[in-house]
Amino acid sequence: MQRREFIALIGAIGAVWPRSLIAQPAHQLMKKMPRIGFLASVPHQRIEAFDRGLREMGYVEGANIIIERRFWKNDREQLARFAAELVALEVEVIVASSTPEAIAARAVTGTIPIVTATADAVGVGLAASLARPGGNVTGLTGVASSGKNFGLLLELLPRASRFAVLLDPDNQYHARLMADFQKTAADRQVEILPVIKRSVEDIGPAFQTIASKDIQGLLVLVDPIGFANRRKIIELAAQNRIPAVYHWREEAVEGGLLAYGPDIIDLNRRSAGYVAKLLRGAKAAELPIRQPERFRLVINLKTARALGLNIPTALLATADEVIE
C-alpha cells in the first residue's frame, strides 16, 4: 500500500469510527476511574496500611483509582461537612476509619457503601448484625477487646476500689461500654466513674477531676481525639501517678502502662479488601462485618517501675510485647 493510499484509508476510518473512542478529554477519563472517599481525624500510619492493602488488591492511587482524603482534625462540624462533600462528589465507596466517621457518613447517605476499619457498627445501630449488616455499612470492627480492658485493669490493681473511665459521652459506643462497666463494677463491688473528654481542651480538666476524686486506676477508651492526643494523656497519667490501661499498641510503646487491643495496622490493610469487593459489584448489606484476627497485649515495665507497680507474673507471661 502506497503512503498516499494509507493516509486516505485512515481518514475514512476516522469519518465512521465513534468520535468518543478516538479522543476523550482528560476529565472524562478521570471520571471513569473509581473514586473513593476516605474520612479520618488526622493523617497516620494506618493510612499507609490501607494504601498497601489497595495495592495488594490491584488498585494504585492515580493509576486506576482516585482517593478523596478528608481529615476532620477532631472538629465534628467539619466532619459533617466533609461527609456531605464526599457524597456530593459521588464517590463509589466511603472509607470511615472509626465510629464517629461511620456515623457521619451514614447520616448523609443510605446508598453509598461505607467501609469501616474499627467502628462499632452493630453496637451503635449502623448495621443489623455482623453476619448480615443489612444496610450500606460493612467492614471490620476493632472494639471487641474493650470489655477485657477493664478486666485487665482490675487484675493489675486487685486492691483498688475506685476507678475512672476517660470517655466522650457523645460517642454512642462509649456510652454503651460505660453501662457495661458499671454492671461489672457492681458485681466486683468497686466504683467506676465517667470522666468527660469531648475535645482536646477537656483532657487537662479531666485529669484534675481524676486527681480530686482519688482515682486509683484509669481506663482510656479509644476514639480519634484520644488517639491523636495520646501523648498528652500518657504524660498526665504519669504526672498524676495513675495506672492506666489503653487500647492500641502505640499507646504502650509511647509510655502508657498497658495496652490491649486488635492490630490496627492489620485492620486497616484488610479494609481495602472490602473496597475492592464493593467496586467489583458486591453489596454492603451482604458482606459480613469481620472481627479482628490479631490482638496484642503490650506491657511497659519501665512505666510500671516508675509507678512502683508490680505486674502479675501470669499477666506478663501472656504479653505479646514487654517494653523494658
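Right above here is the structure, for reference.
Just so we're clear, the structure is a prediction, and the values are computed from it rather than from any experiment.

1. Brief notes about the overall build of the protein chain
Here comes step 1: A tally of regular secondary structure across the protein chain gives 15 helices and twelve strands.
Here comes step 2: The proportion of buried residues among the 324 residues of the protein chain is 50%.
Here comes step 3: Contacts spanning at least 24 positions in sequence make up 68% of the contacts within the protein chain whose residues lie at least 6 apart.

2. Side note on the sheet that holds strand 5 (residues 137-139)
Here comes step 1: An order of 2-1-3-4-5 is seen for the five strands of this open sheet, with the pairing classed as parallel. One side of each edge strand has no neighbouring strand; the edge strands of this open sheet are strand 2 (66-71) and strand 5. Going from strand to strand, the sheet's axes swing by 25 degrees on average, the running direction of each strand aside.
Here comes step 2: Pairing geometry for strand 1 (residues 35-40) and strand 2, over six bridges, is parallel. Counterpart to Ala40 in the pairing with strand 2 is Phe71.
Here comes step 3: Contacts from helix 6 (residues 99-108) reach strand 1, strand 3 (93-96), strand 4 (114-116) and strand 5 within the one sheet, and its direction differs from that of strand 4 by about 170 degrees.

3. Looking at the sheet that holds strand 11 (residues 295-300)
Here comes step 1: Strands sit in the order 7-6-8-9-10-11-12 across an open sheet of seven strands; the sheet is mixed. Looking along the sheet, the strands with just one partner apiece sit at the ends: strand 7 (191-196) and strand 12 (321-323). Direction aside, the axes of adjacent strands within the sheet are offset by 20 degrees on average.
Here comes step 2: Pairing of strand 9 (residues 244-246) with strand 10 (residues 258-262) involves two bridges; the strand directions are parallel. The residue bridging Tyr246 from the neighbouring strand is Ala259, located in strand 10.

4. Here we look at the environment of Arg296
Here comes step 1: Structurally, Arg296 can be placed in strand 11.
Here comes step 2: Look at Arg296 and you get partly exposed, because its relative accessible area is 28%.
Here comes step 3: In this structure, the C-alpha to C-alpha distance between Arg296 and Pro262, residues 34 residues apart in sequence, is 6.0 Å.
Here comes step 4: Apart from residues no more than four positions distant in its own chain, Arg296 is found in contact with Arg249, Ala259, Tyr260, Gly261, Asp320 and Glu321.
Here comes step 5: Among the polar contacts made by the side chain of Arg296, one reaches the side chain of Glu321 at a distance of 3.2 Å.

5. Some words on the environment of Gly37
Here comes step 1: In this fold, Gly37 is placed in strand 1.
Here comes step 2: Spatially, the C-alpha atom of Gly37 lies 5.8 Å from that of Ile67, the residues being 30 residues apart in sequence.
Here comes step 3: Apart from the residues within four sequence positions on either side, Gly37 is in contact with Glu68, Leu86, Val91, Val93, Ile94 and Val95.

6. Describing the layout of surface pockets
Here comes step 1: The computed volume of the largest pocket comes to approximately 200 Å³.
Here comes step 2: For the largest pocket, the full set of lining residues is Arg76, Leu79, Ala80, Thr99, Pro100, Ile103, Ala104, Ala107, Val108, Asp170, Asn171 and Gln172.
Here comes step 3: Sorting the residues of the lining of the largest pocket by element identifies helix 5 (76-88) and helix 6 as the ones contributing at least two each.
Here comes step 4: Considering each element in turn, the lining of the largest pocket owes the most residues, six residues, to helix 6.

7. Regarding unusual backbone geometry
Here comes step 1: Of note, the phi angle at Glu90 is positive, near 60 degrees, even though the residue is not glycine.
Here comes step 2: Mapped onto the elements of the fold, Glu90 is located in the loop between helix 5 and strand 3.
Here comes step 3: In the Ramachandran plot, Arg241 falls in the positive-phi region, its phi being about 55 degrees despite a non-glycine side chain.
Here comes step 4: Checked against the element boundaries, Arg241 lands in the loop between helix 11 (230-239) and strand 9.

Parameters at a glance
Residues numbered from 1 in each chain as written. Predicted model: local features only at pLDDT ≥ 70, side-chain atom pairs only at ≥ 80, totals over all residues. Heavy atoms only, no water. Helix = DSSP H or I, 4+ residues; strand = E, 2+ residues; numbered from the N terminus. Buried < 20%, exposed > 50% of the residue type's maximum accessible area, 1.4 Å probe, protein only. Contact = heavy atoms within 4.5 Å. Pairing = 2+ DSSP bridges. Axes fitted to C-alpha atoms, helices over the stretch in contact; angles between N-to-C directions. Polar contact = N/O pair within 3.5 Å; in protein donor to acceptor, adjacent residues only side chain to side chain. 1 Å grid on protein atoms, 1.4 Å probe; cavity = no way out; pocket = protein on both sides within 12 Å on 5 of 7 lines; lining within 4 Å. Points joined across faces, edges and corners; volume = space filled by probe spheres on them.

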